[in-house]
Structures are given as C-alpha cells and as structure tokens.
Amino acid sequence: PGWKGVFTSSPAKAIVAVWALPVLFAITVHEVAHGWVARQLGDPTAMMLGRLTLNPLKHIDPIGTVLVPLILIVAGGVIFGWAKPVPIAAENLHHPKRDMALVAAAGPVSNLIMAFIWALIMKLALLLPNNLVNLALPLTYMGGAGITINVLLMVLNLLPVPPLDGSRVVAGFLPDPLAWKFSRIEQYGLIILLLLMVSGILGKIMWPPVLIVQNTIYRMFGL
C-alpha cells in the first residue's frame, strides 16, 4: 500500500517521485540565492522582476528544469539541470568585480546548505516509528536524492569554466585585463562542458570531490 506499493510495482514512477522535489528545489534555490545576494549588494533587478521567490514556476526552464533531469532520472544517468538564470546588473553593485564573485559563490553555498537540510530530513525520517513507514520511506529516499543533487550542483558550479559560477569567482580575483580575457571564454563554455562530459573527463574531475563532500555529510549526520 502507499509508497511501498509504488516502489515495488513501478520503480520508474518511484524514481521520478523521489527526485522531482530535490531537483526542483536545488535548482530554484540556487538561482534565488544569486538574486538575494545581489539585492544585498545593491542590485534590485531580480527582486523587481519577481525572481526572489521560491515559487518554482518563476524559475523553471522547460528544458533544463524539466526535460533534461527527467530524461536523466529515467535513464539512470548523472542527474543535473538548470533554471532560468537570475538577471544581475553588475553596474548596480557597490563593487562590481568583487560583488559579482560573491553573487556567483552564493549559488554553490546555497546547494551546500540544502544538502545539510536534506541530510537532517533523512535523519529524522530514519528515526520515525515503523507504523509511519509510508512517510519515512519517501522522506528517506528524498533525503538521499537531495544530498546527491545538491552536492553535484555545488561541485559542478564551482568548476572554473564559464559560464559556471566558479569562473566568476575566479574572475573576481584576476587583474582586470586577465579577467576580461577569461570572461571571453564564456561563448565556448557550453561546448567545453559537453566535450568534458562526452570524453569522461568531467566525471573524473567531479566525482572525487562529490564523494568526499557527500560521505562527509553522511558521517556528520550518522547516516
């Protein structure tokens, strides 16, 4: 009955049900974090456009937030996705170069915080009594999915490849001429990422830190 029936009778539906909320919130909160930090540093653009909200409908990209993650979930591949980028007007920031680095860093930091929140949810679910199994089971699996997707997004976005957040953090520490040249790589960023993914290099770069962070969180919460 209930969730136990879903897991045993329709594994595909169960996988989608488990991953849907963690993926949606991981991507949405990541974008909101960019806009919120930008607002604190002087740029109200995201707020004026109604993007400082956890309402996922405001952030959903039909392809990056729905189609790509859904295909990857069903296919059993590495889960990732993206939302509509939150617009940032750098000229409104108090210290544009430094503040853009802080705005960029806010996304990965928000994913780390969410990974901790999902770990707490998973821990509490495991402590629920047996008669609440239909509540404990989905929360446990969602907790694990939430940890994984948020750690993946954090590590991916910290890579110094434009337009990922890590590239903007790096640019904030470079002298202006080098930062400008570095930012010009962004037009080739998607191609670079696809080549890294297809060649398997991306996985080799990402999985060691992903496993380290994920296992550390599991140990911290006794999972």
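A quick note: this is a predicted structure, and the numbers were derived from the prediction, not measured.

Draft legend 1. Molecular detail of the overall build of the chain. Secondary structure summary: the chain contains ten helices and zero strands in total. When its helices and strands are written in sequence order, the chain yields α-α-α-α-α-α-α-α-α-α. Counting the 223 residues in the chain, one finds 40% classified as buried. Taking the contacts inside the chain whose residues are at least 6 apart along the sequence as the reference set, 71% of them involve residues at least 24 apart. When the accessible surface of the chain is summed, it comes to about 12,000 Å², and 73% of that surface belongs to carbon and sulfur atoms.

Draft legend 2. Seen up close, the pattern of salt bridges. Evaluation of the coordinates by the stated rule reveals three salt bridges. Here Arg98 ties to Asp99 by a salt bridge, and the two come within 2.7 Å at their closest N and O atoms. Classification of Arg98 as partly exposed rests on a relative accessible area of 45%. A salt bridge links Glu186 to Arg168, with the nearest nitrogen and oxygen atoms 3.4 Å apart. Of this pair, Glu186 sits in the loop between α8 (176–183) and α9 (189–199) while Arg168 sits in helix α7 (residues 165–171), and the two are 18 residues apart along the sequence. Arg168 sits in the partly exposed class, given a relative accessible area of 29%.

Draft legend 3. How the structure looks around a nonpolar patch on the surface. A cluster of nonpolar residues, Ile185, Tyr188, Ile191 and Leu195, forms a patch on the protein surface that exposes about 400 Å² of accessible area. By secondary structure assignment, the location of Ile185 is in the loop between α8 and α9.

Draft legend 4. Spatial organisation of the packing of helix α5 (residues 96–126) against helix α6 (residues 133–157). Interhelical geometry of α5 versus α6 gives an angle of 160° and a closest axis separation of 8 Å. Taken together, the axes of α5 and α6 lie roughly antiparallel to each other. The element α5 and its partner α6 pack so that their crossing is left-handed. When its residues are assigned to classes, the contact of α5 with α6 shows 17 nonpolar, seven polar and no charged.

Draft legend 5. Region of the structure containing the packing of aromatic side chains. Under the criterion given, the structure shown has one aromatic pair. Plain terms: the ring middles of Phe116 and Phe221 are 6.1 Å apart, the flat faces sit at 40° to each other, and that makes the pair tilted. Highlighted residues: Phe116 in helix α5 and Phe221 in the segment after α10 (201–220), separated in sequence by 105 residues. Looking at Phe116, the relative accessible area reads 27%, which means it is partly exposed.

Draft legend 6. Broad picture of unusual backbone geometry. The residue after Pro162, namely Pro163, is reached through a cis peptide bond having omega 5°. By the element assignment, Pro163 lies in the loop between α6 and α7.

Draft legend 7. Inspection of the packing of α6 against α10 at higher detail. In contact at an axis separation of 9 Å, α6 and α10 are set at 135° when each is read in the N-to-C sense. With respect to α10, the axis of α6 lies oblique. Where α6 crosses over α10, the two elements pack in a sense that is right-handed. Here Gly144, Ile147, Thr148, Val151, Leu152, Met154, Val155 and Leu156 of α6 lie close against α10, whose contacting residues are Leu202, Met206, Trp207, Pro209, Val210, Val213, Gln214, Ile217 and Tyr218. Residue composition of the contact of α6 with α10, by class: 14 nonpolar, three polar and no charged.

Rules used in this analysis
Within every chain, residues take consecutive numbers counted from 1 along the sequence as written. Side-chain atom pairs in this predicted model are given and counted only at pLDDT of 80 or more, local residue features only at pLDDT of at least 70, and totals for whole chains, interfaces and linings cover all residues. The side-chain values count all of the structure's non-hydrogen atoms but skip hydrogen atoms and water molecules. A run of H or I in DSSP counts as a helix once it spans at least four residues, and a run of E counts as a strand once it spans at least two, with each numbered from the N terminus. Accessible area is worked out with a 1.4 Å probe on protein chains only. A residue is then buried under 20% of its type maximum, exposed over 50%, and partly exposed in between. When checking whether two residues touch, look at their non-hydrogen atoms; a contact exists if any pair is within 4.5 Å. The protein chains shown are the only cover counted for residues, whose accessible areas, like all others here, come from Shrake-Rupley with a 1.4 Å probe. When a carboxyl oxygen of Asp or Glu is within 4 Å of a side-chain nitrogen of Lys or Arg, the pair counts as a salt bridge. Patch rule: a residue counts if its relative accessible area is over 30% and it has no salt bridge; like charges are joined within 9 Å, and nonpolar side chains (Val, Leu, Ile, Met, Phe, Trp, Tyr) within 5 Å. Axis definition: a line fit to C-alpha positions, over the contact stretch in the case of helices; interaxial angles, taken between N-to-C directions, run 0 to 180 degrees. For classification purposes, angles smaller than 35 degrees are called roughly parallel, those larger than 145 roughly antiparallel, those between 65 and 115 roughly perpendicular, and all remaining angles oblique. Crossing handedness is read from the near helix: turned anticlockwise from the far helix by less than a right angle, it gives a left-handed crossing, and turned clockwise, a right-handed one. Under the scheme applied, nonpolar residues are Ala, Val, Leu, Ile, Met, Phe, Trp, Tyr, Cys and Pro; charged residues are Asp, Glu, Lys and Arg; polar residues are all the others, including Gly. Here a pair means two rings of Phe, Tyr or Trp (six-membered ring of Trp) with centres within 6.5 Å. Their orientation is stacked below 30 degrees between planes, edge-to-face above 60, and tilted elsewhere.

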